Protein chains: 2
Amino acid sequence: MNGAQSLIRTLVDCGVEVCFANPGTSEMHFVAALDSVPEMRGVPALFEGVATGAADGYARIAGKPAATLLHLGPGLGNGLANLHNARRAAAPIVNVVGDHATYHAQYDAPLESDIDSLTGWLDGWTRRSGHPKDVGADAAAAVAAAQDAPGRIATLVLPADVSWGEGGETCAPIPPRVPHAVDSTTVQAIADVLRSGEPVALLIGGDACRAAGLRAASRIAEATGAKAFTETFPARIERGAGLPHVERLGYLAEQARYQLDGVRHLIVAGAKAPVSFFAYPGMPSELAPDGAQVHMLAAPGQHVAAALGEVAALVAADTEPVVQQAVRPDLPSGPLSPQNWVDVIGALLPEDAIVVDETNTSGVLLPAGTAGAPRHDVLTLTGGAIGFGMPVAVGAAIAAPQRPVINLEADGSAMYTISALWTQARENLDVTTVVLNNNAYAILRMELQRVGASGDGPRAKNLLDLGRPDLDFVKIAEGMGVPATRATTAEELAQQFRHAVAEPGPHLIDAAVPPLV
Amino acid sequence: MNGAQSLIRTLVDCGVEVCFANPGTSEMHFVAALDSVPEMRGVPALFEGVATGAADGYARIAGKPAATLLHLGPGLGNGLANLHNARRAAAPIVNVVGDHATYHAQYDAPLESDIDSLTGWLDGWTRRSGHPKDVGADAAAAVAAAQDAPGRIATLVLPADVSWGEGGETCAPIPPRVPHAVDSTTVQAIADVLRSGEPVALLIGGDACRAAGLRAASRIAEATGAKAFTETFPARIERGAGLPHVERLGYLAEQARYQLDGVRHLIVAGAKAPVSFFAYPGMPSELAPDGAQVHMLAAPGQHVAAALGEVAALVAADTEPVVQQAVRPDLPSGPLSPQNWVDVIGALLPEDAIVVDETNTSGVLLPAGTAGAPRHDVLTLTGGAIGFGMPVAVGAAIAAPQRPVINLEADGSAMYTISALWTQARENLDVTTVVLNNNAYAILRMELQRVGASGDGPRAKNLLDLGRPDLDFVKIAEGMGVPATRATTAEELAQQFRHAVAEPGPHLIDAAVPPLV
């Protein structure tokens, strides 16, 4: 057994069943070893950012890591942006980064680079395998490290000669660090804050954005009058009819400050104290009102939902959560608008959907439009590195082949990792992509105003305009084997969306939705 | 004058006239400032790897830096792979990386990351501007650092508040470190080696791959019997009728060893002692024959071509270079093949073309087919990070708007940075892209054999196959506004290539060239 074979065998034994791969020459023994371990599914990506984003989406839905296979420093470099998003999502991922043979590194061949700088940037777990006999143990350690609560990026650097060398040994799974419970003193203190009679807001994140946490938060809010919010960009939030509708804290600082206005105590659970996404001249970074006290119930690596449940037991023992009724928008008509496209999705969202939301400005009205739709998960852009949606949809669809995946995607963001469409076609994934095509980096047009930039002239606007020529996503998608249509009216969008969801395999709808502003 | 304005003003004063930009919110003041300094041309890119690759191509042709504008750590991350290639090309580039406001960094907002890890990976020059009044001086230092011989990546990190803050001051240009001459003792010693009567090979790189260096190398070879080669992947090599045809050292180690067989002395000038691109089981990394002595005439930061000229004056005073005659292949006919597509290009290559070569396996026969074509420059994949061709073509076309740019592009590599086509359309660049579409990572199929990987089964092959579905580059290109056609025969390729070169603006030809092996 060579190093590569022991690696894949161990990964499979540790529960890693999928590898999103963009290999090169230094990874050929890993690729060859796939035939000796048929339990590992290799999924090809045409760009490393697709592989890493897919691993993020897989982890958010499967709750366990997939592997990636990346080619030396530049390959890892191409995957960094979506690993950044995954890190912010606390998504467990095991990267396998091939490197030159140990004895070859000294020669500074063209692809040589300081891989450690890049793994350092990821702020996760890293190891470099030094001998074929160690690879199995290193792999098991990587899987455990990735799953250490709340989840992180583990990177195993695999030199080519360690991969091809004989003497590989498999290793049994290593238990990861589990979330630890919140102590009763903290629970009691938070209950006291909630009973203080002063204005309180509750900000929940991480696993508290799933059903149990949402129910506890709703009970607390209902019983105590506290306002409840989820973090602005949850890795995964459960929503829809039958679940409490907990509002997300706004992306715009102005909006978040409005939501938190008057609050004297801010309780955070599985989230950090809220800060502005960007800094703006003359505006503070912190979003909690001046003088408000921040109380930490549970950090992301703790049992956040359980702690919320304990708090609810103290302050809301007899209170039921307020759940969202099943209410859908009526199907609209007329030319597409920032409002009516959302109503189409809200009206037609299938049961048990996974919604990958990279709508940026076009999606401002989306949460309201889909609140009463059938229960669904929403995956959001946790790290702000755009180009996450299409790859994350790949990973989500592979993690949950029986669920419809709906990727709502801004035009500018779509172009970063557009080749994910090809992987969707190759793997015949049930992903329906709706591109909100407004021919602009609309969010930057807005931000150009908000940062108070002077000289808002034609040369600045030229850089924020995606027209001249307009992007034709129908042709782009068809060029990668994904059937696609163009919608300019709400009726067309509805008809095309129904068809896309009903027919197996990937589809794309290029929706001519004008900019919000 | 704010920091951003002083930055752009200083860049322009230092000769930086183009900025390849993919901005975000933290760069909005830079974007706004473009309207106050109209001498700076902002070129939008839909992905950072397009911006950095374009800056590489620009530098190789213009011989001076362009700027890039990138959005925080993830934006720089997306640009790294093509910066790696640029670093290997010694291409001068000035990256401007926007960052959060200085006071905002402590809050660990979603896009916060350790940018210094990434700039460290680039192994170039880095500075972080701390105050608007320093930005001009920092910019001038960055331009000088980028142009320090032989050229490198300079990165200026610009916090948002330093960009928007008032008090900016421009700075006069700072002279870069110029190449230093090779001392006469070294020149004499190299001449002695060439006169030793023992078998000698000469390996030239860097600026020696331009006309003067090639002529000197040819004279030396002709007078002394030394074999002359250029490095395997020159940043820019001049070729064609009227210039000496100096063979490139082969990519495959077997090929390079054959070329260097029997050599007792290897003289390197502007290049490193040759090493295998990858390591292979049981094969040495060094390509020079056992026992051969390596002699360094000039390092890349020296006046390499001048030193070669001095050597030629000593050993080949009365010898003329052997120049390539103007000979083109006949126009072939029939279904496209690995040979005949090259003959079409050789037969029709326009005068004074810039050829951006990312053909990988499909281009093995290209150097021979174009040797006698009109004089042209070839830009190659110096760092091995694929996805370089389309962006580099953008930059080359902007640096030399009067010259035709021919991008010969492998299908797999094309997909990494495919959105460069949109920038070609937006800027109406005279780029003709020929995609060699063999529906495979053909080079990896070959490498899978060469590394001796066992278990070459269907699951391995699945990851190296670009079919199911086949990529349709005609649709993909049209979707980004680039007119495109499909060629399956040599006649079609010839007709379409003629048309593409003759008509202004970008064109793409999807050429169905079967794999070499």
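Only a predicted model underlies this, so the values are computations on that prediction, with no experimental measurement involved.

Rules and cut-offs
Residues numbered from 1 in each chain as written. Chains lettered and ligands numbered in written order. Predicted model: local features only at pLDDT ≥ 70, side-chain atom pairs only at ≥ 80, totals over all residues. Heavy atoms only, no water. Salt bridge = Lys/Arg side-chain N within 4 Å of Asp/Glu carboxyl O. Helix = DSSP H or I, 4+ residues; strand = E, 2+ residues; numbered from the N terminus. Buried < 20%, exposed > 50% of the residue type's maximum accessible area, 1.4 Å probe, protein only. Pairing = 2+ DSSP bridges. Axes fitted to C-alpha atoms, helices over the stretch in contact; angles between N-to-C directions. Contact = heavy atoms within 4.5 Å. Parallel < 35°, antiparallel > 145°, perpendicular 65-115°, else oblique. Left-handed = near helix turned anticlockwise from the far one by under 90°. Nonpolar A, V, L, I, M, F, W, Y, C, P; charged D, E, K, R; others polar. Least-squares fit on C-alpha atoms with pLDDT ≥ 70 in both. Phe/Tyr/Trp six-rings, centres within 6.5 Å; stacked < 30°, edge-to-face > 60°. Lys NZ or Arg CZ within 6 Å of the ring centre and 35° of its normal. Buried area = accessible area lost by both parts, 1.4 Å probe. Expected span 1.5 Å × (residues − 1). Domains from an automatic or database assignment.

Participant: I tried to follow the pattern of salt bridges on my own but got confused; where do I start?
Facilitator: Side chains bearing opposite charge may pair, as long as their charged atoms lie close to each other. Summed over all chains, the structure comprises 49 salt bridges over all chains. Between A:Arg403 and A:Asp377 there is a salt bridge, with the nearest N and O atoms lying 2.8 Å from each other. Here A:Arg403 is found in the loop between helix H14 (389-399) and strand E15 (405-410), whereas its partner A:Asp377 is found in strand E14 (residues 376-380), with 26 residues between them in sequence. Both residues of the pair, A:Arg403 and A:Asp377, belong to the buried class. When the shortest N-O distance is used, the salt bridge between B:Asp99 and B:Arg128 registers 2.8 Å.

Participant: What am I meant to see in the sheet that holds strand E2 (residues 41-44) of chain B here?
Facilitator: Backbone-to-backbone hydrogen bonds join strands into a sheet, with any given pair of strands oriented parallel or antiparallel. Residues and elements named next belong to chain B. With parallel pairing, the six strands of this open sheet are ordered in space as E2-E1-E3-E4-E6-E5. Each end of this open sheet is capped by a strand with a single partner; those strands are E2 and strand E5 (125-128). Across the sheet, the axes of successive neighbouring strands diverge by a mean angle of 20 degrees, strand direction being ignored. Where strand E1 (residues 18-21) and E2 come together, four bridges link them in parallel fashion. Across the sheet, the residue bridging to Val-18 is Arg-41, located in E2. Sitting on the sheet, helix H14 (residues 389-399) is in contact with E1 and E2, with an inclination near 155 degrees to E1.

Participant: What am I meant to see in unusual backbone geometry here?
Facilitator: Leave glycine aside and you will find that most residues have negative phi; peptide bonds, for their part, are mostly trans. Residues A:Ala149 and A:Pro150 are joined by a peptide bond in cis, for which omega reads 0 degrees. Along the polypeptide, A:Pro150 turns up in the loop between helix H6 (132-147) and strand E6 (153-159). A positive phi angle, near 55 degrees, is found at A:Asn439, a position not held by glycine. Relative to the assigned elements, A:Asn439 resides in the loop between strand E16 (431-436) and helix H17 (442-450). One non-glycine residue, B:Asp108, lies in positive phi territory at about 55 degrees. For B:Asp108, the position within the fold is in the loop between strand E4 (93-99) and helix H5 (115-122).

Participant: I'm lost on the packing of helix H3 (residues 48-62) of chain B against helix H4 (residues 72-88) of chain B in this one. Help?
Facilitator: The description of two packed helices rests on the angle between their axes and on the distance between the axes. All names here are of chain B. Between H3 and H4, the least distance of the axes is 7 Å, while the angle of their chain directions is 30 degrees. Here H4 runs roughly parallel to H3, going by the angle between their axes. Handedness of the crossing formed by H3 with H4: right-handed. Two secondary-structure elements touch here, H3 through Glu-48, Gly-49, Thr-52, Gly-53, Asp-56 and Arg-60 and H4 through Gly-75, Asn-78, Gly-79, Asn-82, Leu-83, Asn-85 and Ala-86. Taken together, the residues of the contact of H3 with H4 break down into two nonpolar, eight polar and three charged.

Participant: What should I look at first to understand the relation of the copies chain B and chain A in this one?
Facilitator: Between the two copies of the chain lies a relationship made up of a rotation around an axis and a movement along it. Laying chain B over chain A is done by rotating through 180 degrees and shifting 0.0 Å along the axis; what remains is an RMSD of 0.0 Å. As the rotation angle and translation indicate, the two copies are arranged about a two-fold axis. Within chain B, the C-alpha atom positioned nearest to the axis of rotation is that of B:Ile476, 2.2 Å from it. Comparing interface residues between copies, 100% of those in chain B also sit at the interface in chain A, which points to an isologous, same-surface contact.

Participant: I'm lost on the packing of aromatic side chains in this one. Help?
Facilitator: Aromatic ring pairs are defined here through the distance separating the ring centres and the angle between the ring planes. Counted by the stated rule, this structure contains 13 aromatic pairs over all chains. Ring geometry for B:Phe277 against B:Phe278: centres 5.3 Å apart, planes inclined by 65 degrees, an arrangement best described as edge-to-face. Counting every residue linked through ring pairs, the aromatic cluster contains A:Phe47, A:Tyr416, B:Phe47 and B:Tyr416. Sitting above the plane of the A:Tyr280 ring, A:Arg450 keeps its charged end 4.3 Å from the centroid.

Participant: Honestly, the interface of chain B and chain A in this entry has me stumped. Any pointers?
Facilitator: Often, the extent of an interface is quoted as the loss of accessible area upon association of its parts. At the junction of the two partners, chain B supplies 108 residues and chain A supplies 108 residues. Summing both sides of the interface, chain B and chain A together bury roughly 8,400 Å²; the carbon and sulfur share of this comes to 63%. Of all residues in chain B, B:Trp121, B:Arg459 and B:Leu463 bury the most surface against chain A, accounting for 9% of the area lost on that side. Our count for the contact surface shared by chain B and chain A stands at eight salt bridges. The shortest N-O distance in the salt bridge between A:Asp108 and B:Lys272 comes to 2.9 Å.

Participant: Help me out: how do you make sense of H3(B) in this one?
Facilitator: A turn of α-helix holds 3.6 residues, and therefore any two residues three or four places apart point the same way. End to end, H3(B) covers 21 Å across 15 residues, agreeing with the expected 21 Å (1.5 Å per residue, within 8%). Of the residues trailing H3(B), B:Gly63 is marked for its positive phi of about 70 degrees.

Participant: Any chance you could explain the domain arrangement of chain A here in plain terms?
Facilitator: Residues and elements named next belong to chain A. Here chain A is described as being made up of domain 1 (3-164), domain 2 (184-315) and domain 3 (340-511). On a C-alpha basis, the centres of domain 2 and domain 3 stand 29 Å from each other. With 22 residues of domain 2 in contact, the opposing surface of domain 3 contributes 22 residues. Taking both partners together, domain 2 and domain 3 bury about 1,800 Å²; carbon and sulfur atoms supply 48% of that area. For domain 2, the biggest contributors to the area lost against domain 3 are Phe-233, Arg-239 and Tyr-280; these three give 31% of the whole. There are three salt bridges connecting domain 2 and domain 3. Ranked by residues supplied to the side of domain 2 that touches domain 3, first place goes to strand E9 (residues 237-239) with three residues. A breakdown of the residues in the side of domain 2 that touches domain 3 according to their chemical character gives 14 nonpolar, two polar and six charged.

Participant: Whenever I open this one, the environment of B:Ala137 confuses me. Can you help?
Facilitator: Residue and element names in this part refer to chain B. One can find Ala-137 in helix H6 (residues 132-147). The exposure class of Ala-137 is partly exposed, given its relative accessible area of 35%. Distance from Ala-137 to Ser-6, taken between C-alpha atoms, is 9.2 Å for residues 131 residues apart in sequence. Discounting residues that sit within four places of it in the chain, Ala-137 has contacts with Arg-127, Glu-169, Cys-171 and Ile-174.

Participant: Looking at this model, I keep getting lost on the pairing of E16(A). Mind explaining?
Facilitator: Every other side chain in a regular strand lies on the same face of the sheet, so the side chains alternate between the two faces. All names here are of chain A. The element E16 is extensively covered by neighbouring structure, given that six of its six residues are classed as buried. Neither face of E16 is left uncovered, since the one carrying Val-431, Thr-433 and Val-435 and the one carrying Thr-432, Val-434 and Leu-436 both have all their residues buried. As paired strands, E15 and E16 are joined by six bridges and run parallel to one another. Paired with Glu-409 across the two strands is Val-435, which belongs to E16. Note that E16 and strand E18 (residues 507-511) share five bridges and pair parallel.

Participant: Please explain the packing of helix H9 (residues 211-224) of chain B against helix H11 (residues 304-315) of chain B as it appears in this structure.
Facilitator: Residues and elements named next belong to chain B. With their axes 8 Å apart at the nearest point, H9 and H11 run at an angle of 30 degrees to one another. If you check the angle between H9 and H11, you find them roughly parallel. Crossing of H9 over H11 shows left-handed handedness. Packed against H9, whose contacting residues are Gly-213, Ala-216, Arg-219, Ile-220, Ala-223 and Thr-224, the element H11 presents Ala-305, Leu-308, Gly-309, Val-311, Ala-312, Ala-313 and Val-315 at the interface. Across the contact of H9 with H11, the residue classes tally to nine nonpolar, three polar and one charged.

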